[in-house]
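Breakdown of the fold
Here is how the chains run, residue by residue.
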Amino acid sequence: MTGMATSAVLRIILGENDSAKVTLPLGIPDSVEGLKKEIKRQCEVLGEFRLQYKDTDFDDFINLTSTADIQNKATIKVVYPPCASSTSSSCLYPQTSRLDESASSVDTDILSSSESSSPSSSLRCEPWPDIFPVPEFVYDVELQLQRANSDFKSNGTLFSPSPKMKSDILECLASQIIKYKAYPTSAECDAVAEALLKKHPCLREQGSVSGFYGWKISLKYKMANYRTKLRNLGCSELNVNSFKRGPSDPRTAPNQVKKPRRAEVNYCPDFPTGQTKESLEEERLALLADVQKSNNQQVIKEKMEKTFAYRRREVIEDKPFIADFKRRWPALFSERE
């Protein structure tokens, strides 16, 4: 232990207007990792984070690299990495009378892999990667590309794939992209095409400044076709922007339904495998009883995760009044959620 092996207490800043008191009966741990484990256990913090401590010399927060730098009653700040967050969202509803498009970004924080690892979950759990991982293609395509890459390295010969082979490559890339988002931006399509050429330089286009402009355009068309295929299969995230609705459908036209904004990786997910609207409604009714009980946070958390898709569908399609929504989902308005 750092210093004397006596108990210690720390003030932990978890976010804006959110702090907690952590008691350490055996004193401050010897390592930063040990301290992080205690914070995770006592404050129920999920995901990756780093720690900063309030330095008395500079009166500012500095990265904590050794627990020898802190003492009893020190102030510690939890700092989350970019594009990652705990499930305790600090987002607030806008001051509007309805949960309309401007409010539909609430409740769409990226879920950590520990929460979304269930095989019945259809939620995305990863943001767009810094370096796009080009997947392995089917065996015959990989075989041809390996030989073409060898020729390129030895004599600089570029490879022109057949239409069928090019379609197979684009289809595989599209299936990889959809794991992160359904509507990649132009810059993200650039990143995918650039990653493809980095892994398979033989596919570089002659006469193109970037070497991948044609691949980028083809990839955009392939993503549009891939979205159509998924929409026909009933993908909720894509159906919400579809024109294929009955004439009596009171919902707004597709061009008035916003597409997912930045970081909204779970904009309109499908229901978990084996779940229906009726079964999730039963879970919602059970939640109404659970929020009245004390020391029931774990049960509430599990049921809120299970009903995430059902709740999102209600916000996007029905646009309920805030008062009605709060009455149906009181747990969402708690500090923990």
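These figures come from a predicted structure and were not determined experimentally.

Below, the discussion takes up the packing of helix α3 (residues 163-177) against helix α5 (residues 213-232). It is at 9 Å that the axes of α3 and α5 come closest, and there the two elements cross at 65 degrees. Crossing of α3 over α5 shows right-handed handedness. The residues of α5 that touch α3, namely those facing Lys 166, Ser 167, Ile 169, Leu 170, Glu 171, Leu 173, Ala 174, Ser 175 and Ile 177, are Trp 215, Ser 218, Leu 219, Lys 222, Met 223, Tyr 226 and Lys 229. Partitioning the contact of α3 with α5 into residue classes produces 9 nonpolar, 3 polar and 4 charged.

The buried count for helix α9 (residues 308-318) comes to 9 of 11 residues, which makes it a mostly enclosed element. Buried residues along α9 sit in contact with α6 (236-239), α7 (277-290), α8 (297-306) and α10 (322-328). Positioned one or two residues after α9, Lys 319 has a phi angle of 50 degrees, which is positive.

Across the 8 residues that make up strand β1 (residues 8-15), a large majority, 6, are buried. Two strands pair when backbone bridges link them, and β1 and strand β2 (residues 18-24) are joined in this way by 7 bridges, in the antiparallel orientation. Each residue of the ladder has a partner; that of Val 9, found in β2, is Thr 23. Where β1 hands over to β2, the hairpin turn is made up of 2 residues, of which Asn 17 adopts a positive phi near 55 degrees. One ladder, built from 3 bridges, connects β1 with strand β5 (residues 75-79); its direction is parallel. Looking at the pairing, Ile 12 lines up with Ile 76 of β5.

It is worth spelling out α5 at this point. The first and last C-alpha atoms of α5 sit 29 Å apart over 20 residues, in line with the 28 Å expected at 1.5 Å per residue. Restricting attention to buried positions, one finds in α5 the residues Trp 215, Lys 216, Ser 218, Leu 219, Lys 222, Met 223, Tyr 226, Arg 227, Leu 230 and Arg 231. In this structure, the buried side of α5 is in contact with α3, α4 (186-199) and α6. Residue Gly 234 follows α5 closely and has a positive phi angle near 95 degrees.

Before going further, it helps to examine the environment of Thr 23. Within the secondary structure, Thr 23 sits in strand β2. Residue Thr 23 is classed as partly exposed on the basis of its relative accessible area of 41%. With 19 residues separating them along the chain, Thr 23 and Gln 42 place their C-alpha atoms 8.7 Å apart. The contact partners of Thr 23, leaving out residues within four places of it in the chain, are Ala 8, Val 9 and Gln 42.

Next up on the list: the nonpolar core. Side chains of a nonpolar character, in soluble globular proteins, are inclined to be buried together. By size, the foremost hydrophobic cluster in this structure holds 33 residues, and its most contacted members are Phe 132, Phe 137, Ile 169, Leu 173, Leu 196 and Trp 215. Looking at this core, the elements with two or more residues in it are α2 (139-155), α3, α4 and α5. Ranked by residues supplied to this core, first place goes to α3 with 7 residues. Within the second largest apolar cluster, 20 residues are counted, among which are Leu 24, Phe 49, Leu 51 and Ile 70.

With respect to topology, 5 strands assemble into an open sheet ordered β2-β1-β5-β3-β4, the strand pairing being mixed. In this open sheet, the two edge strands, each paired with only one partner strand, are β2 and β4 (60-63). If you compare each strand with its neighbour and ignore which way they point, the axes differ by 35 degrees on average. Across 4 bridges, strand β3 (residues 50-55) lies against β4 in antiparallel orientation. Counted as the bridge partner of Tyr 53 is Ile 62 from β4. Of the strands in this sheet, β1, β2, β3 and β5 touch helix α1 (residues 32-43), which is tilted by about 115 degrees from β2.

Further remarks concern the packing of α2 against α3. Where α2 meets α3, the closest approach of the two axes is 11 Å, and the angle between their N-to-C directions is 105 degrees. Here α2 lies roughly perpendicular to α3, going by the angle between them. Within the contact between the two elements, α2 uses Val 141, Gln 144 and Leu 145 and α3 uses Met 165, Asp 168 and Ile 169. Here the contact of α2 with α3 is built from residues that sort into 4 nonpolar, 1 polar and 1 charged.

Calculation criteria
Residues numbered from 1 in each chain as written. Predicted model: local features only at pLDDT ≥ 70, side-chain atom pairs only at ≥ 80, totals over all residues. Heavy atoms only, no water. Axes fitted to C-alpha atoms, helices over the stretch in contact; angles between N-to-C directions. Helix = DSSP H or I, 4+ residues; strand = E, 2+ residues; numbered from the N terminus. Left-handed = near helix turned anticlockwise from the far one by under 90°. Contact = heavy atoms within 4.5 Å. Nonpolar A, V, L, I, M, F, W, Y, C, P; charged D, E, K, R; others polar. Buried < 20%, exposed > 50% of the residue type's maximum accessible area, 1.4 Å probe, protein only. Pairing = 2+ DSSP bridges. Expected span 1.5 Å × (residues − 1). Core = buried A, V, L, I, M, F, W, Y, C linked by side-chain atoms within 4.5 Å. Parallel < 35°, antiparallel > 145°, perpendicular 65-115°, else oblique.

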